[in-house]
Amino acid sequence: MENNAQIGVTYKKDINCADWYTDVLKKSNMMDYYQGVSGCYILRPWSYCIWEEIQHWLDIKFKNLGVQNAYFPMFISNSDLEKEKEHIAGFSPEVAWVTRAGKKDLNEPLAIRPTSETVIYPFFSDWIKSHRDLPLKVNQWNNVVRWEFKNPQPFLRAREFLWQEGHTAHLTKEEADIEVCQILDLYRRVYEELFAVPVIPGIKSEKEKFAGSLYTATVEGFIPTTGRGIQAATAHCLGQNFSKMFEIEVQNTKGEKSFVWQNSWGLSTRSIGVMVMVHGDDKGLVLPPRVASLQAVIVPCGINKTTSEGQKLAIYNACEELSQTLKNTGVKSKADLREGYNPGFKFNDWELKGDLGKKQTLVVRRDTGVKQSILLEEITTTIPDLLETIQNEMFRRAKATLDSRVIEATTWDEIIPALDSKCIVAIPWCEVESCEDDIKERSGIVTEPVDEKGPSAGAKSLAIPFDQSKWTRIVPGKTKCPACGKDAKCWTLFGRSY
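These numbers come from a predicted model, not from an experiment. (Residues numbered from 1 in each chain as written. Predicted model: local features only at pLDDT ≥ 70, side-chain atom pairs only at ≥ 80, totals over all residues. Heavy atoms only, no water.)

S.K.: So what's going on with the packing of helix α3 (residues 45-64) against helix α9 (residues 270-279)? Which residues, and what values?
M.R.: Helices that pack against each other are described as a pair by the angle of their axes relative to one another and the distance between those axes. Remark: α3 packs on α9, axes separated minimally by 10 Å, with the N-to-C direction vectors making an angle of 115°. Judged on the interaxial angle alone, α9 and α3 are roughly perpendicular. Note that α3 runs across α9; the crossing there is right-handed. Where α3 approaches α9, its residues S47, I50, W51 and I54 are matched on the opposing element by S271, I272 and M275. Tallied by class, the residues present in the contact of α3 with α9 amount to five nonpolar, two polar and no charged. (Axes fitted to C-alpha atoms, helices over the stretch in contact; angles between N-to-C directions. Helix = DSSP H or I, 4+ residues; strand = E, 2+ residues; numbered from the N terminus. Parallel < 35°, antiparallel > 145°, perpendicular 65-115°, else oblique. Left-handed = near helix turned anticlockwise from the far one by under 90°. Contact = heavy atoms within 4.5 Å. Nonpolar A, V, L, I, M, F, W, Y, C, P; charged D, E, K, R; others polar.)

S.K.: Quick one: what's the story with unusual backbone geometry, residue by residue and with numbers?
M.R.: The amide bond that connects L134 to the next residue, P135, takes the cis arrangement and shows omega of -5°. Structurally, P135 can be placed in the loop between α6 (117-127) and β7 (136-145). The backbone of N29 sits at a positive phi, close to 65°, despite the residue not being glycine. Inspection of the secondary structure assignment puts N29 in the loop between α2 (17-27) and β1 (31-33). Even without a glycine there, the phi angle at E431 is positive, about 65°. Within the secondary structure, E431 sits in the loop between β21 (424-429) and α14 (433-443).

S.K.: Please set out the packing of aromatic side chains residue by residue, giving values where relevant.
M.R.: Tallied over the entire structure, the rule returns 14 aromatic pairs. Geometrically, the ring pair formed by F123 and W127 is tilted, given 6.1 Å between the ring centres and 45° between the ring planes. Placement of the pair is F123 and W127 together in helix α6, with a separation of four residues, close to one helical turn. The class of F123 is partly exposed, set by a relative accessible area of 37%. Members of the aromatic cluster, joined through ring pairs, are F72, Y121, F123, F124, W127, F242 and F246. If you follow K61 out to its NZ or CZ, it ends over the ring of W57, 4.0 Å from the centre. The aromatic ring of W147 is capped on one face by R159, whose charged end is 4.7 Å from the ring centroid. (Phe/Tyr/Trp six-rings, centres within 6.5 Å; stacked < 30°, edge-to-face > 60°. Buried < 20%, exposed > 50% of the residue type's maximum accessible area, 1.4 Å probe, protein only. Lys NZ or Arg CZ within 6 Å of the ring centre and 35° of its normal.)

S.K.: Explain the nonpolar core residue by residue, including any values.
M.R.: Core analysis: the largest hydrophobic core is formed by 61 residues, its most contacted members being I50, L58, F62, Y187 and F195. Of all the secondary structure elements, the ones that give two or more residues to this core are α2, α3, α7 (173-194), β10 (215-223), β11 (228-239), β14 (261-268), α9 and β15 (296-299). Sorting elements by how many residues they give to this core places α7 first, with nine residues. Here I50 is in contact with M30, F195, I272, M275, L287 and V291, once residues within four sequence places are set aside. Counting 21 residues, the second largest nonpolar core, distinct from the first, contains I76, Y121, L134 and I248. (Core = buried A, V, L, I, M, F, W, Y, C linked by side-chain atoms within 4.5 Å.)

S.K.: Outline the confidence of the model for the protein, supporting the account with residue identities and numerical values.
M.R.: For the protein, the average pLDDT comes to 90, and 90% of its residues sit at 70 or higher. This model gives residues 1-5 a pLDDT under 50, and the stretch forms five contacts once residues within four places in sequence are excluded. (pLDDT = per-residue confidence, 0-100.)

S.K.: Tell me what's going on with the sheet that holds β14, and back it up with residues and numbers.
M.R.: What links the strands of a sheet is backbone hydrogen bonding, and the strands pair in either a parallel or an antiparallel sense. Spatially, β3-β7-β8-β14-β11-β10-β9-β22-β23-β21-β20 is the arrangement adopted by the eleven strands of the open sheet, whose pairing is mixed. Of all the strands in the sheet, the pair left with one neighbour each is β3 (68-69) and β20 (406-408). Sheet topology places β21 next to strand β23 (residues 490-495); five bridges connect them, and they run antiparallel. Bridged to W429 within β23 is C490. Set on the sheet, α3 makes contact with β3, β7, β8 (160-170) and β14; between it and β7 the angle comes to about 165°. In this fold α6 packs onto β7, β8, β11 and β14, with an angle of close to 25° to the strand it touches most, β8. (Pairing = 2+ DSSP bridges.)

S.K.: Summarise the pattern of salt bridges; cite the residues concerned and give the values.
M.R.: Using the criterion set out here, one finds 25 salt bridges in the structure. The partner of K332 in a salt bridge is E53, and the shortest N-O contact between them spans 3.4 Å. On the criterion of sequence distance, the pair formed by K332 in the loop between α10 (309-328) and β16 (333-335) and E53 in helix α3 is long-range, its members being 279 residues apart. Here R189 ties to E193 by a salt bridge, and the two come within 2.9 Å at their closest N and O atoms. In this pair, R189 and E193 both sit in helix α7, four residues apart, roughly one turn of the helix. What makes E193 partly exposed here is its relative accessible area of 26%. Among the ionic contacts, a cluster of salt bridges with common partners joins R365, D367, E393 and R397. (Salt bridge = Lys/Arg side-chain N within 4 Å of Asp/Glu carboxyl O.)

S.K.: Tell me what's going on with the sheet that holds strand β5 (residues 96-101), and back it up with residues and numbers.
M.R.: Ordered by their spatial adjacency, three strands build an open sheet running β4-β6-β5, and the pairing between neighbours is antiparallel. Strands at the two margins of the open sheet, each flanked by one partner only, are β4 (75-77) and β5. This sheet shows a mean twist of 45° between the axes of neighbouring strands, independent of strand direction. With five bridges joining them, β5 and strand β6 (residues 104-112) adopt antiparallel strand pairing. Counted as the bridge partner of V98 is L110 from β6.

S.K.: Before we move on, could you go through the packing of α3 against α7 and cite the residues and values that matter?
M.R.: Two elements in contact, α3 and α7, have axes whose closest approach is 11 Å; the angle formed by their N-to-C orientations is 150°. Viewed along their axes, α3 and α7 form a crossing whose handedness is right-handed. Taken together, the residues of α7 that come into contact with α3 (itself represented by I54, W57, L58, K61 and F62) are I183, L186, Y187, R189, V190, E193 and L194. When grouped by side-chain class, the residues that make up the contact of α3 with α7 number nine nonpolar, no polar and three charged.

S.K.: Mind laying out α2, listing which residues take part and the relevant values?
M.R.: Along α2, the residues that are buried comprise C17, W20, Y21, T22, D23, V24 and L25. Packing partners of the buried residues in α2 comprise β1 and α9. N29 sits one or two residues past α2 and shows a positive phi near 65°.

S.K.: Hey, could you go over the pairing of β10 for me, with residue numbers and the actual values?
M.R.: Taken across its nine residues, β10 has nine buried, putting it largely inside the fold. Going residue by residue along β10, you find Y215, A217, V219, G221 and I223 tucked away on one face and T216, T218, E220 and F222 tucked away on the opposite face as well. In terms of strand pairing, strand β9 (residues 200-203) meets β10 through four bridges, oriented antiparallel. Its bridge partner being in β10, G202 is matched across the sheet by T218. Bridge count between β10 and β11: nine bridges; the pairing is antiparallel. Counted as the bridge partner of F222 is G229 from β11. Taking the residues that link successive antiparallel strands as the turn, the β10-β11 hairpin has four residues, and the phi of G227 there is positive, at about 70°.

See below:
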């Protein structure tokens, strides 16, 4: 019991979600704190293997779209960074600079990439000369640094994080638009098919779009425990803004000069944090089977002080054989034969780490705790089927929760109570930026004390969903924005967010 208490989760998710979150990550061996620099974390193998699953899945899909992997330097010269002032203005507070090498000051400060448009696009200008060179599609798996923020949280908001960033060039806007939709759907599938986390695809408002872009498409997540939205992944149509700045032009099929149309898109390790926040419980992680590094753990039982060495060896061998049998069917399994730990400790340990525990022929589902007796002779078919059931049911439960927390609000009096009930609101919005600012300010006025280091209490626009059919049809000239009274143009999600 002493060991169990040491490894158990200290906090309750519904009572203290922020401390619960970091406690789960630390005790499940997902991450560790790098004490030397605030906001930087160590991804331990238990979490990095999840990132590898994402890499493997996306890499195949990207290459099927004609995307090739490359790598560009992490340092950006000040002169290159300043070429696109509108773009860098959006990142300026977050840019970290290198100003010295050894004891010598550099002639020109070097920025550590917050994103790579300004280091990649000068080379696009060299590589692209004709419409025959298009489309050009590259992706890099790398790290980026974004320095200026409050309240760092592992995975969700770190000063250094891992991601992939794709950069492409196209002859026409239509081709660029098609790719944005293709990439965004891949990101949706990462969340829904791998993480069992539902997301809402849509478009960012003009205020919230990527700096320097024509528009930003997004998949928005939702954390039910806190009632906050979270940007899950984005794909930006950059238009011709960057191609004009970096002189990326081609001779088209008519022999005329034209600037290319560009996209950039990315998904980061933030996705892992979203998954943990959505599925984790008071026992620890609940990992969807498709991204778990271990899907089944075999725990030997019935061993005590009276068990002979021969009997113990026979039990251990049986566990190893069972684990190998599962591996042969494609199930990632392990026999936990650690000495000095009783079965109760091992069950608690694997619950914390989010795996499926097995007691002889008794299977215990990590997501629900439901126990099921399984015949060993049927285990090669039963376990894979059960893992698929767990994956699907985790998504269905999360989707039902999300759907119940998106509230249609057509009057201002409905908005604040919905937000305070840990929901996000869909409102018929006018798309006016001053109204967007006003909504954030008015919804941020609270009577109770708030954590100054925490996320803002004000609601911002999260996305304009592609699917507008879920809500009452907007009648031009009649349906009004509940915040300002102007004519509404589209249903838009507003919510408190990370």
